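# Structure assessment
Here is what each chain is made of, one letter per residue.
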Amino acid sequence: MGITLCTATLFGLFLESLLYGVFLTLYLFMLFILLRKTGIQRRLLLPVATLLLCIATAHLIIEFVQALEAFVFKADTIGANDYYSNSSPLLVATTALSNTQIILADAIAVWRCYVLNNRSLLVAIPGCIVLLASVVTGSYTTASLSWAHLVSNLSLADRACIITFGALTLVLSVTSTSLNAWRIYRTRCSMPQGFNAAFLPALVVIIESGALYSMSILTLLITAFIGSNGQYVMVEIITPIVGITFCLIILQVHFGGNSPAGEPIEVRGTIANPSRGVRKASAWNK
């Protein structure tokens, strides 16, 4: 027997609160690091991280307001299940915030992949096309909820658009992570340390910047496709997971600047030039 809608939403709120605490801790740690940096690291990364935190905070606050209305203020009138089944302005707001957070994550993935791959248009153009399609489907998803009076009244086309939005995000996440890992692995293969020097940094990239977010999106897609209420749990926790992944990438770049042997690591944003050899450049310093 599947979980009820109100149970799934309440459980999602609990997990979102825990993950928000993790995100906030990582953000403060990252803030301490970035405030000591100069250049684009402060001008670009700090505002983006702060924007992600603001969206996650607003999303969590609205979720708490919804929980209070469903389980306290309106518990005797319509009930929690009926409350969450209705398409309210608060639901539309949380959906818009979640979609915005996901689109920001997609944009960050495209930008990072573009920088790590020598600013290649062969990487940027397909990535931007998928990103644009993600923006369109995400916007339509938010609009479709505002038009429907009940969540269950969404048409087949609306549900297909929601799944398409998640699929585009998953494809973009997996592709960008794979390209980044391959770029790092290929660059490190020429180093004298051997296979481990090339494999381990690529594995770290996959785990820290790809696996967590991609698995979350995949789980959301599966639960939405089978019609399980577990999708509402995933919808709520993806917002802080985006921020956690972003902070992990920055912390990885900061603390991964040197190998265990004390030799420079030329993997993050390395630019390979056959005529000039290999030149180090951090992906975040572009």
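This text follows the structure it describes.
Thresholds, definitions, all that
All residue numbers refer to positions counted from 1 along the written sequence of the respective chain. Under the rules for a predicted model, residues below a pLDDT of 70 receive no local features and side-chain atom pairs below 80 are neither given nor counted, while totals for whole chains, interfaces and linings still include all residues. Hydrogens and water are ignored here; the side-chain numbers use all heavy atoms of the structure. Segments assigned H or I by DSSP are reported as helices when at least four residues long, segments assigned E as strands when at least two residues long, and all are numbered from the N terminus. Any residue under 20% of the maximum accessible area for its type is buried, any over 50% is exposed, and the rest in between are partly exposed; the area is computed with a 1.4 Å probe on protein chains only. Areas reported here follow the Shrake-Rupley algorithm with a probe of radius 1.4 Å; residue values treat only the protein chains shown as occluding. For this analysis, residues touch if any pair of their heavy atoms sits within 4.5 Å.

The subject of this paragraph is the overall build of the chain. Across its full length, the chain holds eight helices and two strands. Listed N to C, the secondary structure of the chain is α-α-α-α-α-α-α-α-β-β in terms of helices and strands. For the chain, the proportion of its 286 residues judged to be buried stands at 47%. Counting only carbon and sulfur atoms, one obtains 71% of the accessible surface of the chain, whose full area is about 14000 Å².

For the rest of this paragraph, the subject is the environment of Pro240. Tracing the sequence through the fold places Pro240 in helix 8 (residues 230-255). Judged by its relative accessible area of 1%, Pro240 falls in the buried class. Taking C-alpha positions, Pro240 is 7.9 Å from Leu53, a pair spaced 187 residues apart along the chain. In this view, Pro240 contacts Glu16, Leu19, Tyr20 and Phe23; residues no more than four positions away in its chain are not counted.

Our focus in this paragraph is the environment of Ala49. With respect to the helices and strands, the residue Ala49 is situated in helix 2 (residues 40-73). When the C-alpha atoms of Ala49 and Met30 are compared, they prove to be 8.9 Å apart, with 19 residues separating the residues in sequence.

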